[in-house]
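Given next are the chains, with one letter for each unit.
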Amino acid sequence: MALGIDEWNAYGSKLAQVVLRDHPEGIRSVVLDSVSPANLNIVEDWWQAPASSFTAIFDACAAQPSCAEAYPDLESEFYATVNRLNETPAVVEVEDGSGVPLVVNIDGYQLAYTVVMVSERRDASRVPKMLDDIAHGDAQETAKTLMSMLLTPPPIVGLGGYGLAYGVFCREAANLTTEEATLARSKAVLPHFPDAVLKIQPKQGRLFTECPVLDLGEANPSMMDPVISDVPVLILEGSFDAATAPEWVDVVRPGLSREQYIEFPFTGHAVLGKHKCAQTIMATFLDQPSQRVDRSCVAEVKLTFVTG
């Protein structure tokens with residue numbers, strides 16, 4: 001209003017929900033892309049997203065005859081390998097982009113993290129082969145993939161980016177729960193993972209060690225109040241999303257009386273940047289937020305797993 005704009009459209013995830021909940025004046029419509037629910041403690045439930053992604057990938061492989069034939073025991077191999085590497089990490093030498101040799105240590109967490117980051121940022125077509133290789137002693141592809149991820153940092157880097165991230169994750173999540181409660185919820189969704197892996201947050205490391213050092217205090221618990229609104233909301237989510245679980249959408253939908261939810265198959269985090277279809281759907285929604293959007297292009301999203 002101070003800018004002389006009577007109404008606007010909001011885009012985002014948790015912040016967009018908080019604005020819609022606490023300052024709804026002038027909001028014409030909202031697009032939520034990969035939902036981190038305002039009324040969910042993400043630190044407590046963070047491993048639910050990778051667990052959901054792992055299962056979705058295993059199920060998708062099982063549904064493709066070539067993948068199912070090549071990797072019939074993919075899920076059990078994965079969990080067994082995470083536990084084996086947790087006890088005895090694989091040590092592999094690879095080269096970086098400049099040809100400099102690097103020694104990569106792959107423990108159980110690093111294997112899980114590699115799958116998380118591939119399914120979040122890229123496509124998961126090579127994940128079954130990568131997991132089968134390392135299960136049978138060949139860790140080269142896992143090491144190369146891990147290093148390519150670590151050497152290509154996400155946009156949120158630098159003191160400002162990490163400061164904002166820790167400010168949110170500590171003050172509004174970790175400081176409102178305990179490590180014991182978080183471990184219990186993590187084991188409920190990944191019972192085959194060792195505790196040593198589950199004690200590491202899949203995105204922010206060891207928050208229960210780091211947050212007390214930062215001494216940021218606790219946010220008011222009302223920050224986690226649900227969003228109740230009749231503003232039109234479009235929700236986009238990827239079935240392979242290892243950062244925000246598709247089932248988290250059900251946490252926010254009850255309070256949104258005019259929502260439309262579209263799940264994109266074989267897709268990771270931040271759907272809008274991955275598919276022209278998602279961009280077309282959003283544009284159509286923004287033109288007429290009260291109308292049901294045509295989602296037929298979603299059926300064109302395909303992925304074929306590599307088996308050779």
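Residues numbered from 1 in each chain as written. Predicted model: local features only at pLDDT ≥ 70, side-chain atom pairs only at ≥ 80, totals over all residues. Heavy atoms only, no water.

Some points on the overall build of the protein
Now for step 1: Helix and strand counts for the protein come out as 14 helices and six strands.
Now for step 2: Here the C-alpha radius of gyration of the protein, 20 Å, is about what a compact globule of 308 residues would show, namely 19 Å.
Now for step 3: In terms of overall dimensions, the protein has a C-alpha envelope of 60 × 50 × 40 Å along the principal axes.
Now for step 4: Within the protein, counting contacts between residues at least 6 apart in sequence, those at least 24 apart form 73% of the total.
Now for step 5: Total accessible area computed for the protein in this model is approximately 14,500 Å², and 54% of it derives from carbon and sulfur atoms.
Now for step 6: One finds the centroid of the 22 positive side-chain charges in the protein at a distance of 3 Å from the centroid of its 41 negative side-chain charges. (Helix = DSSP H or I, 4+ residues; strand = E, 2+ residues; numbered from the N terminus. Rg over C-alpha atoms; globule rule 2.2 N^0.38 Å. Contact = heavy atoms within 4.5 Å. Areas by Shrake-Rupley, 256 points an atom, 1.4 Å probe, with all protein chains shown as cover. Lys, Arg positive; Asp, Glu negative; His and termini not counted. Charge placed at Lys NZ, Arg CZ, Asp CG, Glu CD.)

So, the pairing of strand S2 (residues 27-33)
Now for step 1: Here S2 lies mainly inside the structure; six of its seven residues are buried.
Now for step 2: Inspection of the sheet shows strand S1 (residues 8-12) paired to S2 by five bridges, in the parallel sense. If you follow Gly12 over to S2, its bridge partner there is Leu32. (Buried < 20%, exposed > 50% of the residue type's maximum accessible area, 1.4 Å probe, protein only. Pairing = 2+ DSSP bridges.)

Remarks on the state of the cysteines
Now for step 1: In the structure shown here, the tally under the stated rule is three disulfides.
Now for step 2: Between the sulfur of Cys170 and that of Cys211 lies a disulfide, 2.0 Å long from S to S. One quick way to see it: the torsion about the S-S bond of Cys170 and Cys211 is about -80 degrees, and its sign makes the bridge left-handed. With Cys170 in helix H9 (residues 158-171) and Cys211 in helix H12 (residues 207-214), this residue pair connects regions lying 41 residues apart in the sequence. As far as burial versus exposure is concerned, Cys170 and Cys211 are alike and both buried.
Now for step 3: With its sulfur 1.9 Å from that of its partner, Cys277 forms a disulfide with Cys297. Here the disulfide of Cys277 and Cys297 is right-handed, its torsion about the S-S bond being about 75 degrees. Here Cys297 lies in the segment after helix H14 (276-287) and Cys277 lies in helix H14, a separation of 20 residues in the sequence. (Disulfide = S-S within 2.5 Å.)

Side note on the sheet that holds strand S5 (residues 233-238)
Now for step 1: The strand order S1-S2-S5-S6 describes an open sheet built from four strands, whose pairing is parallel. Edge positions in the sheet fall to S1 and strand S6 (259-264), since each has one partner strand and no second. This sheet shows a mean twist of 15 degrees between the axes of neighbouring strands, independent of strand direction.
Now for step 2: Strand direction decides the pairing type here: S2 and S5, joined by four bridges, are parallel. Each bridged residue has a counterpart across the sheet, and for Val30 the counterpart in S5 is Val233. (Axes fitted to C-alpha atoms, helices over the stretch in contact; angles between N-to-C directions.)

Details of the side chain of His269
Now for step 1: Mapped onto the elements, His269 comes out in the loop between S6 and H14.
Now for step 2: Polar contacts involving the side chain of His269 include one to the side chain of Thr244, which spans 3.4 Å.
Now for step 3: Dropping the residues within four chain positions of it, His269 is found in contact with Ser34, Ser119, Glu120, Asp241, Ala243, Thr244 and Lys274. (Polar contact = N/O pair within 3.5 Å; in protein donor to acceptor, adjacent residues only side chain to side chain.)

Details of the environment of Thr280
Now for step 1: Along the chain, Thr280 turns up in helix H14.
Now for step 2: Along the sequence, Thr280 and Arg295 sit 15 residues apart, while their C-alpha atoms lie 9.3 Å from each other.

A closer look at the nonpolar core
Now for step 1: Formed by 48 residues in total, the largest nonpolar core has its most connected members in Phe54, Phe78, Ile106, Leu131 and Phe193.
Now for step 2: When residues of this core are traced back to their parent elements, those giving at least two are helix H3 (48-63), helix H5 (74-87), strand S3 (90-95), strand S4 (101-106), helix H6 (108-121), helix H7 (127-135), helix H8 (140-150) and helix H11 (195-198).
Now for step 3: Counting residues per element, this core draws most heavily on H6, which supplies eight residues.
Now for step 4: Here Phe78 is in contact with Phe54, Phe58, Leu111, Ala112, Val115, Leu131 and Phe193, once residues within four sequence places are set aside.
Now for step 5: Judged by nonpolar contacts, the second largest core, of 17 residues, contains Ala16, Val30, Val231 and Val249. (Core = buried A, V, L, I, M, F, W, Y, C linked by side-chain atoms within 4.5 Å.)

Section: the packing of H3 against H5
Now for step 1: Here H3 crosses H5 at 145 degrees, and the two axes come no closer than 9 Å. In this structure, H3 uses Phe54, Phe58 and Cys61 to contact H5, whose residues at the interface are Leu74, Glu75, Phe78 and Tyr79.
Now for step 2: Residue classes in the contact of H3 with H5 are distributed as six nonpolar, no polar and one charged. (Nonpolar A, V, L, I, M, F, W, Y, C, P; charged D, E, K, R; others polar.)

Considerations on unusual backbone geometry
Now for step 1: A positive phi angle is found at Asp215, which is not glycine, with a value near 50 degrees.
Now for step 2: The residue Asp215 is located in the loop between H12 and S5 in this model.
Now for step 3: Despite not being glycine, Phe266 has its phi angle at roughly 60 degrees, a positive value.
Now for step 4: The class for Phe266 is partly exposed, based on a relative accessible area of 26%.

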